[in-house]
Amino acid sequence: MRVPETGHIMRVTTDHDDLLPAQLGREAQELLDPHHHRASVHLGDRLVVDPGQVLANVAMAMERLDLDIGTPVSIEEDVATLEELVAVVDHFDRGPELIAHTLNTAARVMNARYPAELVHHPLPPDCDLRRLFHADVDDRSQDVARAVFNHRLAQEADVRESEVAIDLDGLSSQQRIEVFMAVFFLYGTKIGALQNRTGIR
């Protein structure tokens, strides 16, 4: 998945009041439905985004992957579209929250099912997502993702947004999105390794 440049002009909001009853089409109704996974809807030149639903979609996709490592999971189709990620990371400046949530969800899922010594074992420096998944991620984004992923697995407590913000300092919005995607793929790599090692698969 290629992260788009974020210089385009779009009005982005979390204001659900824009969803006037007269405008409620199927997509708007899905966004307002707390049981639906839709995280955004277009209203003319406005994109209404629910960042909380993006976080919920991340957790659901990660849990689903753990239950069936063979299930196809697409970030764009099952988690968040590129527009939604740009909104969360660039417009709302919630990249640290998104990545911290992904790291903490990964730790929660793995610690609940696999031996602690295996979970805490770090991913090696040669774990290259470009080789494994042909992921379009630059060196710095991948290095940051691997570092924060290994750091989170090595500790018991959840990582805080403020800690992640320090790790992301100096990265562009595009790189922050790449870090999120890399963390998600690293989680899938680690889950696959854990299932192979424990014979769960």
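Structure shown above.
Cut-offs and rules
Residues numbered from 1 in each chain as written. Predicted model: local features only at pLDDT ≥ 70, side-chain atom pairs only at ≥ 80, totals over all residues. Heavy atoms only, no water. Salt bridge = Lys/Arg side-chain N within 4 Å of Asp/Glu carboxyl O. Buried < 20%, exposed > 50% of the residue type's maximum accessible area, 1.4 Å probe, protein only. Pairing = 2+ DSSP bridges. Helix = DSSP H or I, 4+ residues; strand = E, 2+ residues; numbered from the N terminus. Contact = heavy atoms within 4.5 Å. Expected span 1.5 Å × (residues − 1). Core = buried A, V, L, I, M, F, W, Y, C linked by side-chain atoms within 4.5 Å. Axes fitted to C-alpha atoms, helices over the stretch in contact; angles between N-to-C directions. Parallel < 35°, antiparallel > 145°, perpendicular 65-115°, else oblique. Left-handed = near helix turned anticlockwise from the far one by under 90°. Phe/Tyr/Trp six-rings, centres within 6.5 Å; stacked < 30°, edge-to-face > 60°.

Caption draft 1: Representation of the pattern of salt bridges within the structure. Following the criterion strictly, the structure yields 9 salt bridges and no others. Linking Asp128 and Arg130 is a salt bridge whose minimum nitrogen-to-oxygen distance equals 3.1 Å. Arg130 sits in the partly exposed class, given a relative accessible area of 29%. For Arg152, the salt bridge is made with Asp158, and the minimal N-O distance between the two is 2.9 Å.

Caption draft 2: Molecular detail of the pairing of strand β3 (residues 46-49). One ladder, built from 4 bridges, connects strand β2 (residues 40-43) with β3; its direction is antiparallel. Of the residues in β3, the one forming a bridge with Ser40 is Val49. Hairpin geometry of β2 and β3 is characterised by an intervening segment of 2 residues between the two adjacent antiparallel strands and by a positive phi of about 65° at Gly44.

Caption draft 3: Main features of the environment of Asp169. With respect to the secondary-structure elements, Asp169 resides in the loop between α9 (161-168) and α10 (173-198). When the C-alpha atoms of Asp169 and Pro96 are compared, they prove to be 9.9 Å apart, with 73 residues separating the residues in sequence.

Caption draft 4: Fine view of the side chain of Asn104. Within the fold, Asn104 resides in helix α5 (residues 95-111). By relative accessible area, which is 13% here, Asn104 ends up buried. Each residue touching Asn104, except ones within four places of it in the same chain, is listed here: Arg152, Asp158 and Val159.

Caption draft 5: Quick look at α5. With 17 residues, α5 should cover 24 Å at 1.5 Å per step; its first-to-last C-alpha distance of 24 Å lies within 8% of that length. Judged by how many residues are buried, α5 sits mostly within the fold: 14 of 17 residues are covered.

Caption draft 6: Molecular detail of the nonpolar core. Of all hydrophobic cores here, the largest spans 50 residues; its most connected members are Leu98, Met110, Phe149, Phe180 and Tyr187. Every element with two or more residues in this core is listed here: α2 (51-67), α3 (75-79), α4 (82-91), α5, α6 (116-120), α8 (139-154), α9 and α10. Looking at this core, the element that brings in the most residues is α10, giving 11 residues. Ignoring sequence-local partners within four residues, the contact set of Tyr187 consists of Met62, Glu63, Leu65, Asp66, Ala106, Val109, Met110 and Phe149.

Caption draft 7: Geometry of the packing of α4 against α10. Interaxial distance between α4 and α10 falls to 9 Å at its minimum, and their mutual angle equals 120°. Relative to α10, the element α4 is oriented oblique. When you trace α4 past α10, the crossing you get is right-handed. Touching Leu85, Val86, Val89 and Asp90 of α4 are Ser173, Arg176, Ile177 and Phe180, all from α10.

Caption draft 8: Inspection of the packing of aromatic side chains at higher detail. Evaluated as defined, the whole model comprises 2 aromatic pairs. Aromatic side chains Phe180 and Phe184 sit 6.5 Å apart centroid to centroid with 55° between the ring planes, which places their arrangement in the tilted category. Residue Phe180 and its partner Phe184 are located together in helix α10, separated by 4 residues, close to a single helical turn. You can call Phe180 buried: its relative accessible area is 0%. When the ring of Phe184 is compared with that of Phe185, the centres are 6.5 Å apart and the planes differ by 90°; the resulting orientation is edge-to-face. Relative accessible area serves as the criterion here: at 3%, Phe184 is assigned to the buried category. Owing to a relative accessible area of 27%, Phe185 belongs among the partly exposed residues under this scheme.

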